[in-house]
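The primary structure of each chain is shown beneath.
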Amino acid sequence: MLQIFPDAAVIAEYVSELLIQKIGDNPEITLGLATGGTMEPLYARFVAKARARRLDVSGLCSFNLDEYVGLSPDHPKSYAAYMREHLFRHLAFDPARLHLPDGLAPDLDAHSREYSERLLQMGGAEFQLLGVGTNGHIGFNEPGTPFDSRCHVVRLSERTRLDNSRFFEPGVIVPASAITLGMAEITRAREIVLIATGPAKAPIIAEWFRRDVTEEIPFTVLKRHPRAQILVDEAAASLLPPEVRASMMEIPALG
Ligand code: F6R
């Protein structure tokens, strides 16, 4: 379940290969996608390989986890813009199959219900990619979010807004709220891969290891998911007990 890799590039190599394999096996797969700094090397590697191998991505369907409330898809800091920049514009996806929450929906609660329904009608995600916040959030499900929560509007914690301020120009205020898939839709995915890289994630990875499943640390829910992998680099693993680090350094074989 927890695997330690030398660095973010090796994780990107492994997960991009896994993604290509999944899409090859089922060209109409439904993917759950994440944004954030952690995903950037992965998407870059995936795009390069998919191009080189002429992978057909036109049949796949994707659902992003979240979007800031108040940002239009054209806003450069929206997650829609992030996805275009890092993934969608580089390959021949079918735009009608790429789904993101709409941060400008006039009725956000109704839109959240509709987004959740749309995903459930597809049978949920077959393969869900996740990053993790320094407070343990997945999607934007902040600590304390019930595990049975569905897609909803969330007020972002100060910690999350501070962490994400690095993506905004100095002095620009990070949006206060977002729409996120809930813990229920995320954990319904048949297979989940969560990636955590860099020293800023080391305390929460150590906390995840120490603690039982608790809503206070949302990603501990993955401990009871039958097919969840937590992939961390050495920097993110640096606060795990040394004997644990030594036993988890093997890179799993694909297939
Ligand atoms: C992004 C998302 C978030 C991020 C998390 C880590 O769509 O759902 O949970 O995965 O905040 O962000 P980074 O990768 O920027 O550290």
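Okay, so let's go over this structure. No experiment lies behind these values; they were computed from the predicted model shown.

## Observations concerning the overall build of the protein
Helix and strand counts for the protein stand at eight helices and 10 strands. In terms of C-alpha radius of gyration, the protein reaches 17 Å, essentially the compact-globule figure of 18 Å for 255 residues. Oriented by its inertia axes, the alpha-carbon framework of the protein measures out at about 50 × 45 × 35 Å. With 255 residues in all, the protein has 54% of them scored as buried.

## Brief notes about the sheet that holds strand β3 (residues 61–64)
Spatially, the seven strands line up as an open sheet ordered β1-β10-β9-β6-β2-β3-β5, and their pairing is parallel. Looking along the sheet, the strands with just one partner apiece sit at the ends: β1 (2–5) and β5 (98–99). When β1 meets strand β10 (residues 228–233), the two strands line up parallel, connected through four bridges. Bridge pairing in β10 links Leu 2 to Ile 230. Contacting β2 (30–33), β3 and β5, helix α4 (residues 108–121) crosses the sheet at an angle of about 145° to β3.

## Regarding helix α1 (residues 8–25)
The first and last C-alpha atoms of α1 sit 26 Å apart over 18 residues, in line with the 26 Å expected at 1.5 Å per residue. Packed against the buried residues of α1 are β1, β2, α2 (39–52), β6 (127–130), β9 (191–196) and β10. At the N-terminal end of α1, a side-chain oxygen is found 3.1 Å from the backbone nitrogen of Ala 9, two or three residues along, and the residue is Asp 7.

## What about the nonpolar core?
Most often, soluble globular proteins have nonpolar side chains that are buried together. The biggest cluster of nonpolar side chains holds 83 residues, and the ones touching the most others in it are Leu 129 and Phe 219. Of all the elements, α1 adds the most residues to this core, at eight residues. The residues contacting Phe 219, other than those within four sequence positions of it, are Val 132, Gly 136, Ile 138, Leu 194, Ile 204, Ile 205, Trp 208 and Ile 230.

Conventions used here
Residues numbered from 1 in each chain as written. Predicted model: local features only at pLDDT ≥ 70, side-chain atom pairs only at ≥ 80, totals over all residues. Heavy atoms only, no water. Helix = DSSP H or I, 4+ residues; strand = E, 2+ residues; numbered from the N terminus. Rg over C-alpha atoms; globule rule 2.2 N^0.38 Å. Buried < 20%, exposed > 50% of the residue type's maximum accessible area, 1.4 Å probe, protein only. Pairing = 2+ DSSP bridges. Contact = heavy atoms within 4.5 Å. Axes fitted to C-alpha atoms, helices over the stretch in contact; angles between N-to-C directions. Expected span 1.5 Å × (residues − 1). Polar contact = N/O pair within 3.5 Å; in protein donor to acceptor, adjacent residues only side chain to side chain. Core = buried A, V, L, I, M, F, W, Y, C linked by side-chain atoms within 4.5 Å.

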